[in-house]
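# Summary of structural features
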Amino acid sequence: MYKLAAIILSFTSVSAFGQQPEIKEGLPNFIKNNIIYPSYSKYNCIQGLVNVGFKLNAKGEVYYSVITSGLGIDLDKEALRLVRMSSLKWSVPDTHDTTSLLIVPVNFTLTGYDCDRKSKAEIALAIKAYKDDEELTNVISNYYKNKERGTSELADEIKVIQIKNQLGIDDEYLDERINAGLKKIKQGDRQGACEEFNFVKYMGSDKAKDLLDKYCK
C-alpha cells in the first residue's frame, strides 16, 4: 500500500464585498489540519479544484453549503464536509450580509503517490468508474434499507452480493470506512462519522453496529 507523503491545499480568499468573515486560525490551516483525503481519489491520483459555496449567519454558523463546481466524486464530499465543520468557528463582522454566498476554492493535490505516472486518460476513466460505482452502491444500500423495513425481495440478495464482490466491498474496505469515521469522531465531526458508519450498515454489515449505537442515536 502506498503511503501519503504530503497533502497540499491551495486556498484563495473567500469571495465577499468589504470586510470578510474570518476563522481565528485561518481557513487554509483549518482545512489542512482536518482533511481526510478520500481513499478512492488518493489511490487513483485524482486531484483538482472544488469550489464550495456557503452562507454564514451572524453567529458564524454555516447554515447553507453547496458544491458550486467540482469533480462529482469523493473530493467534493470532503470539501463540503470541511466547510460544514467550520461552522461556529467564524468571526463575522457586523457589516456582513448573511444572505450572501461565500466561495471557498479548495485545490486538492497529492504528492508521494507517483501520480506523475498516471495519464489524464487513466484519471478520467477512474472518475467515470467512480460515478458508475456510485450507482451500483446505491443499489446495494437501497436493498439493505428495504430489508430493514421488511420490504426487500430475497431473490435480489444474490444480485446484491454479486455487485458487492464486483465493487470490492469486503471487510478490509469496510474497516477503512470505519477508521475514517473514527478519525471524524476525533475531529468532532459526528455527522460525518455517522455517515461513514451508516454506509457500512447499508452495505449489509454489522461491523459498525456498536459505533452507531454509541454515536448516532
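Because the structure is predicted, anything quoted here is derived from the model rather than measured. Each residue is numbered by its place in its chain's sequence as written, counting from 1. Since the coordinates come from a predicted model, pLDDT governs what is reported: local features require at least 70, and pairs of side-chain atoms require 80 or more to be given and counted, while whole-chain, interface and lining totals use all residues. In computing side-chain values, all of the structure's heavy atoms are included and hydrogens and water are not.

## Remarks on the overall build of the chain
Selection rule: Numbering goes from the N terminus for both helices and strands, where a helix is a DSSP run of H or I of at least four residues and a strand is a run of E of at least two. Exposure categories follow from relative accessible area, calculated using a 1.4 Å probe and restricted to protein chains: below 20% of the type maximum is buried, above 50% is exposed, and the middle band is partly exposed. Between two residues, a contact is recorded if the distance between any of their heavy atoms is within 4.5 Å. We get accessible surface area from the Shrake-Rupley algorithm with a probe of 1.4 Å; when it comes to residues, only the shown protein chains can shield them. None of His or the chain ends enter the tally, which takes Lys and Arg as positive and Asp and Glu as negative. A charge is said to be at NZ when it belongs to Lys, at CZ for Arg, at CG for Asp and at CD for Glu.
A tally of regular secondary structure across the chain gives 8 helices and 6 strands. In the chain, the order of α-helices and β-strands from amino to carboxyl end is β-β-α-α-β-β-α-β-β-α-α-α-α-α. Taken over the C-alpha atoms alone, the chain extends approximately 60 × 45 × 25 Å along its principal axes. Classification of the 217 residues of the chain by burial places 38% in the buried group. Residue pairs at least 24 apart in sequence account for 75% of intrachain contacts in the chain once pairs closer than 6 positions are excluded. Of the roughly 12500 Å² of accessible surface on the chain, a fraction of 49% belongs to carbon and sulfur atoms. Here the chain carries 30 positive and 30 negative side-chain charges, and the mean point of each set is 3 Å from the other.

## A short note on the pairing of strand 4 (residues 62-69)
Selection rule: Between any two strands, at least two bridges found by DSSP are needed for them to pair.
Pairing between strand 3 (residues 48-56) and strand 4: 6 bridges, direction antiparallel. Within strand 4, the residue paired with G53 across the bridge is V66. In this structure, the hairpin formed by strand 3 and strand 4 is closed by a connection of 5 residues, where G60 is found at a positive phi of approximately 85 degrees.

## As for the state of the cysteines
Note the cut-off: By disulfide we mean two sulfur atoms from cysteines, separated by a distance within 2.5 Å.
According to the stated counting rule, one finds 2 disulfides in the structure shown. Shown here is the disulfide that connects C45 with C115, its sulfur atoms set 2.3 Å apart. When the S-S torsion is -80 degrees, as for the bridge of C45 with C115, the disulfide is left-handed. Taken as a pair, C45 in the loop between helix 2 (39-43) and strand 3 and C115 in the loop between strand 6 (102-111) and helix 4 (120-149) lie far apart in primary sequence, 70 residues in all. A relative accessible area of 3% means that C45 is categorised as buried. Paired through a disulfide, C194 and C216 show a sulfur-sulfur distance of 2.0 Å. What sets the handedness of the C194 and C216 disulfide is the S-S torsion sign, and at about -100 degrees it is left-handed.

## Some points on the packing of helix 1 (residues 27-34) against helix 3 (residues 74-85)
What counts here: The angle between two axes is taken between their N-to-C directions and runs from 0 to 180 degrees, where each axis is a line fitted to C-alpha atoms and a helix contributes only its stretch in contact. Should an angle fall under 35 degrees it is called roughly parallel, over 145 degrees roughly antiparallel, and 65 to 115 degrees roughly perpendicular, with every other angle called oblique. For any helix crossing, the convention is left-handed if the near helix is rotated counterclockwise from the far helix by under a right angle, and right-handed if that rotation is clockwise. The residue classification treats Ala, Val, Leu, Ile, Met, Phe, Trp, Tyr, Cys and Pro as nonpolar and Asp, Glu, Lys and Arg as charged. All others, Gly included, are polar.
In the contact formed by helix 1 and helix 3, the axes pass within 10 Å of each other and the chain directions differ by 120 degrees. Here helix 1 lies oblique to helix 3, going by the angle between them. For helix 1 against helix 3, the interelement crossing comes out right-handed. Contacts from F30, I31 and N34 of helix 1 reach helix 3 at E78, R81, L82 and M85. Tallied by class, residues from the contact of helix 1 with helix 3 come to 4 nonpolar, 1 polar and 2 charged.

## Considering the domain arrangement of the chain
Quick reminder of the rule: As used throughout, domain bounds are those supplied by an automatic or database domain assignment. Accessible surface is computed with a 1.4 Å probe, and the buried area is the amount of it that two parts give up when combined, taken over both parts together.
Here the chain is partitioned into domain 1 (22-110) and domain 2 (118-216). Centre-to-centre separation of domain 1 and domain 2, based on C-alpha positions: 23 Å. Carbon and sulfur atoms supply 56% of the area that domain 1 and domain 2 bury against each other, a total of about 1500 Å² over both sides. Ranking the residues of domain 1 by area buried against domain 2 places I36, Y40 and R84 at the top, with a combined share of 34%.

## Re the nonpolar core
Side chains that are nonpolar tend, in soluble globular proteins, to be buried together. What counts here: In this text, buried Ala, Val, Leu, Ile, Met, Phe, Trp, Tyr and Cys residues form a nonpolar core when linked through side-chain atoms within 4.5 Å.
Ranked by size, the top nonpolar core spans 32 residues in total, and within it F54, W90 and F108 carry the most contacts. Elements that contribute at least two residues to this core include exactly helix 1, strand 3, helix 3, strand 6 and helix 4. Looking at which domains feed residues into this core, each of domain 1 (22-110) and domain 2 (118-216) gives three or more. Ranked by size, the runner-up nonpolar core spans 20 residues in total, among them I178, C194, F199 and Y202.

## Considering the UniProt feature "domain: TonB C-terminal" (unreviewed entry) in the chain
Put simply, the rule is: UniProt positions are given in the numbering used here, feature names are shortened, and annotations may be inferred rather than shown by experiment.
In this numbering, the UniProt entry assigns the feature "domain: TonB C-terminal" (unreviewed entry) to residues 22-117. This span, residues 22-117, is 26% helix and 32% strand, and a straight line between its end C-alpha atoms measures 39 Å.

## Observations regarding the layout of surface pockets
To keep things clear, this is the line we draw: Only protein atoms enter the 1 Å grid used here. Points where a 1.4 Å probe fits but cannot escape make up a cavity, open sets with protein on both sides within 12 Å along at least five of seven lines make up a pocket, and a residue lines them when an atom lies within 4 Å of a point. Grid points are joined across faces, edges and corners, and a volume is the space filled by probe spheres set on the points.
Considered as a void within the structure, the largest pocket measures approximately 1500 Å³ in volume. Considering the residues around the largest pocket, the lining is formed by 44 residues, among which S39, D74, Y173, R177 and E196 are closest to the centre. At the level of secondary structure, the elements contributing two or more residues to the lining of the largest pocket comprise helix 2, helix 3, helix 4, helix 6 (171-186) and helix 7 (190-201). Counting the residues that make up the lining of the largest pocket, at least three belong to each of domain 1 (22-110) and domain 2 (118-216). Counting residues per element, the ones that place at least two in the lining of the second largest pocket are helix 4 and helix 8 (209-215).

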